Amino acid sequence: MSAMKLKNGIYSVGVLNPALRVFDIVMEAKYGTSYNAFLITGEKNILIETVHADFFEEYIKNIEQVVPLDKIDVLIMNHTEPDHSGSVARLLERCPKLTIYCTMAAKKYMEAIANESLPCHIIKPGEILDLGNQRELQFIPAPLLHWPDSMFTWYPAEKTLFTCDFLGTHYCEPTMLDTGIHDQKAYEEQFAYYFKGIFRPFKPYVLKGLALIDALPAEMICPSHGPCLTKNIEHRKELYRLWSTPKIPEKKFVFIPYVSAYGYTKKLAEAAAEALSSNPSLEVSMMDLVHADAFEVASKINSCQALLVGSDTINRDAPSVIWKALAMIDAINTRKPAGAFGSFGWSGEAVPMIKARLEGLKFKFQGDGLRVNFMPTEEDLLSMKNYALQIVSSL
Ligand SMILES: Cc1cc2nc3c(=O)[nH]c(=O)nc-3n(C[C@H](O)[C@H](O)[C@H](O)COP(=O)(O)O)c2cc1C
Ligand SMILES: [Fe+2]
Ligand SMILES: [Fe+2]
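Residues numbered from 1 in each chain as written. Chains lettered and ligands numbered in written order. Predicted model: local features only at pLDDT ≥ 70, side-chain atom pairs only at ≥ 80, totals over all residues. Heavy atoms only, no water.

(A) Molecular detail of the sheet that holds strand S15 (residues 160-164). Pairing in this open sheet of 5 strands is mixed, and the strands run S12-S13-S14-S15-S16 from one edge to the other. What marks the edges here is a single partner per strand, and that holds for strand S12 (128-132) and strand S16 (220-223). In this sheet, neighbouring strand axes are inclined to one another by 20° on average, regardless of whether the strands run parallel or antiparallel. (Pairing = 2+ DSSP bridges. Helix = DSSP H or I, 4+ residues; strand = E, 2+ residues; numbered from the N terminus. Axes fitted to C-alpha atoms, helices over the stretch in contact; angles between N-to-C directions.)

(B) The arrangement of the site of ligand 1 in detail. Contacts to ligand 1 come from 18 residues, most closely from Ala261, Thr265, Asp312, Thr313 and Ser343. In this structure, an oxygen atom belonging to ligand 1 sits 2.4 Å away from a side-chain N or O atom of Asp312. Relative to its unbound accessible surface of 640 Å², ligand 1 loses 85% to contact with the protein. Looking at the shell around ligand 1 residue by residue, the classes come out as 7 nonpolar, 9 polar and 2 charged. (Near = heavy atom within 4 Å. Polar contact = N/O pair within 3.5 Å; in protein donor to acceptor, adjacent residues only side chain to side chain. Areas by Shrake-Rupley, 256 points an atom, 1.4 Å probe, with all protein chains shown as cover. Nonpolar A, V, L, I, M, F, W, Y, C, P; charged D, E, K, R; others polar.)

(C) How the structure looks around the pattern of salt bridges. Across all of its chains, the model carries 16 salt bridges by this definition. Here Lys237 ties to Glu234 by a salt bridge, and the two come within 3.2 Å at their closest N and O atoms. Taken together, the positions of Lys237 and Glu234, both in helix H7 (residues 233-244) and 3 residues apart, correspond to about one turn of that helix. Between Lys300 and Glu296 there is a salt bridge whose closest N-O contact spans 3.6 Å. Of the two residues, Lys300 and Glu296 both sit in helix H9 (residues 294-303), 4 residues apart, roughly one turn of that helix. The exposure class assigned to Glu296 is partly exposed, which follows from its relative accessible area of 36%. Among the charged side chains, a network of salt bridges with common partners joins Asp214, Glu234, Lys237, Glu238 and Arg241. (Salt bridge = Lys/Arg side-chain N within 4 Å of Asp/Glu carboxyl O. Buried < 20%, exposed > 50% of the residue type's maximum accessible area, 1.4 Å probe, protein only.)

(D) Representation of the coordination of the iron ion (ligand 2). His79 (NE2), Glu81 (OE), His146 (NE2) and Asp165 (OD) make up the full set of protein donors to the iron ion (ligand 2), lying at 2.0 to 2.3 Å. Between the iron ion (ligand 2) and the iron ion (ligand 3), the interatomic distance is 3.5 Å, and Asp165 donates to each metal, bridging them. Of this pair, Glu81 sits in the loop between strand S9 (72-76) and helix H2 (82-85) while His146 sits in the loop between strand S13 (135-141) and strand S14 (151-155), and the two are 65 residues apart along the sequence. Both residues of the pair, Glu81 and His146, belong to the buried class. (Donors = N, O, S within 2.8 Å, 3.2 Å for Na, K, Ca; no water.)

(E) Inspection of helix H5 (residues 184-199) at higher detail. The end-to-end C-alpha separation of H5 is 21 Å, in line with the 22 Å expected for 16 residues at 1.5 Å each. Along H5, the residues classified as buried are Ala186, Tyr187, Gln190, Phe191, Tyr194, Phe195, Ile198 and Phe199. Buried residues along H5 sit against strand S5 (27-28), helix H6 (203-213) and H7. (Expected span 1.5 Å × (residues − 1). Contact = heavy atoms within 4.5 Å.)

(F) Summary view of the side chain of Ser12. Relative to the helices and strands, Ser12 resides in strand S2 (residues 10-12). On the basis of relative accessible area, Ser12 is assigned to the buried category, the value being 1%. Apart from the residues within four sequence positions on either side, Ser12 is in contact with Met1, Ser2, Ala3, Met4, Leu6, Ala37, Phe38 and Met176.

(G) Representation of the domain arrangement of the protein within the structure. Looking at the protein, the domain boundaries give domain 1 (4-244) and domain 2 (252-388). One C-alpha centre belongs to domain 1, the other to domain 2, and the line joining them spans 42 Å. (Domains from an automatic or database assignment.)

(H) Representation of the packing of aromatic side chains. Within this structure, the stated rule accounts for 19 aromatic pairs. Here the aromatic rings of Tyr31 and Tyr171 are separated by 5.6 Å at their centres, their planes lie at 45°, and the arrangement is tilted. Of the two residues, Tyr31 sits in the loop between S5 and strand S6 (33-35) while Tyr171 sits in the loop between S15 and H5, which places them 140 residues apart along the sequence. Classification of Tyr31 as partly exposed rests on a relative accessible area of 30%. Residue class for Tyr171 comes out buried when judged on its relative accessible area of 6%. Seen from their ring centres, Phe195 and Trp243 are 5.1 Å apart, and the 50° between their planes marks the pair as tilted. On the criterion of sequence distance, the pair formed by Phe195 in helix H5 and Trp243 in helix H7 is long-range, its members being 48 residues apart. Put simply, the rings of Tyr31, Phe152, Phe166, Tyr171, Tyr187, Phe191, Tyr194, Phe195, Phe199, Tyr240 and Trp243 pair up and form one aromatic cluster. (Phe/Tyr/Trp six-rings, centres within 6.5 Å; stacked < 30°, edge-to-face > 60°.)

(I) Structural view of the sheet that holds strand S8 (residues 45-48). Taken in spatial order, the 7 strands make up an open sheet running S1-S2-S7-S8-S9-S10-S11, and their pairing is mixed. The open sheet terminates on both sides in strands that have one partner only, identified here as strand S1 (4-7) and strand S11 (120-122). Across the sheet, the mean angle from the axis of one strand to that of its neighbour is 30°, orientation sign disregarded.

(J) Representation of the coordination of the iron ion (ligand 3). All of the protein donors around the iron ion (ligand 3) are Asp83 (OD), His84 (NE2), Asp165 (OD) and His225 (NE2); their distances to the metal are 2.1 to 2.3 Å. What the 4 donor atoms of the iron ion (ligand 3) show is an angle range of 84 to 168° at the metal, which sorts the shape as irregular. In terms of primary sequence, the donors binding the iron ion (ligand 3) are separated according to D-H-x80-D-x59-H. The exposure class of His84 is buried, given its relative accessible area of 0%. In this structure Asp165 comes out as buried when scored by relative accessible area, which is 1%. (Tetrahedral: all angles 85-135°; square planar, octahedral: opposite > 155°, others 65-115°.)

Here it is, written out as structure tokens:
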């Protein structure tokens, strides 16, 4: 893709990656992506973001189509994940006079990525960079969207906001504009998928970020992946607001996922569910993981207010379906009560291993869990009921 004029004095100089199918290990990229970068020209020439290191030469060619490299004064880095900062060190070799405008965290991360000290100017919240000719840029720190380093850059003269990952989409769009999208349905699906993959764990920060930009009369939003937004901007912001606003449940939800080969661990799960169900303020759901739908497990394990995991011990471990379910936990939002229980034959490793995993994920794990040798006795079932009640007592 070559450089492209988007607005008066604003050029797209980023690159397309239509072949990408997996992003950051965890996200699918069905329609590829783009690593967006922008150039603001005028008395001062300002570059916003670099690109993934694999695309450095194409990026340089794009910039040179607009201005010679030695005419660039400032590089703004709104976020420093290597898909955006991967080319910073090489860019500085070609433009040694550049100053990088960024947050304190961004400087720290970029220097650890480049393994060298970098000529950074640390911005203050609301700081203005004078571009001459009555034009300026304003910096708005927006931490944890989605790294601690992130900020927005506002260009009032052109009513344009640069948001890096925020409001982006892994959707390779060669026109770089939302007016050029051919498959709108696919774009909408990817816009929502991107939110889930990147921003869902940071909902409170999304709401804070929206509050910071709500009053800005933006005509164009330039994210770092996918097309720039020029229409329905308010609608796009409203979607982020809707997806991030907590829904207050009428009842506290307790989830009891379990596995059980001979029904012993299941008996414990049933005892826990019975004890909890007598409390009308609780909604309790037991689920046998062997026959469960992965999507439903993920949804319940992340939406519950308390988690009780039941597993027998098979070959000195919990079965893989247990680990698969625990791997679906959104580990950013886990400070909730949890416990583990299970039947075992002779060594009984599953419960302590689940405890270690849940504590590693920062759940508030209750005691050491409950282990029962083979078939639970009436006394064991009573202990299970008491353990379950203990777990929810802090809700
Ligand atoms: C293939 C297999 C391997 C097992 N490995 C272990 C083990 O390593 N340590 C242990 O304590 N129990 C082991 N057990 C015993 C089970 O944990 C025990 O039978 C338990 O009561 C089963 O509970 P469930 O009915 O909830 O599945 C194993 C059982 C099977 C079938
Ligand atoms: Fe990122
Ligand atoms: Fe990104």
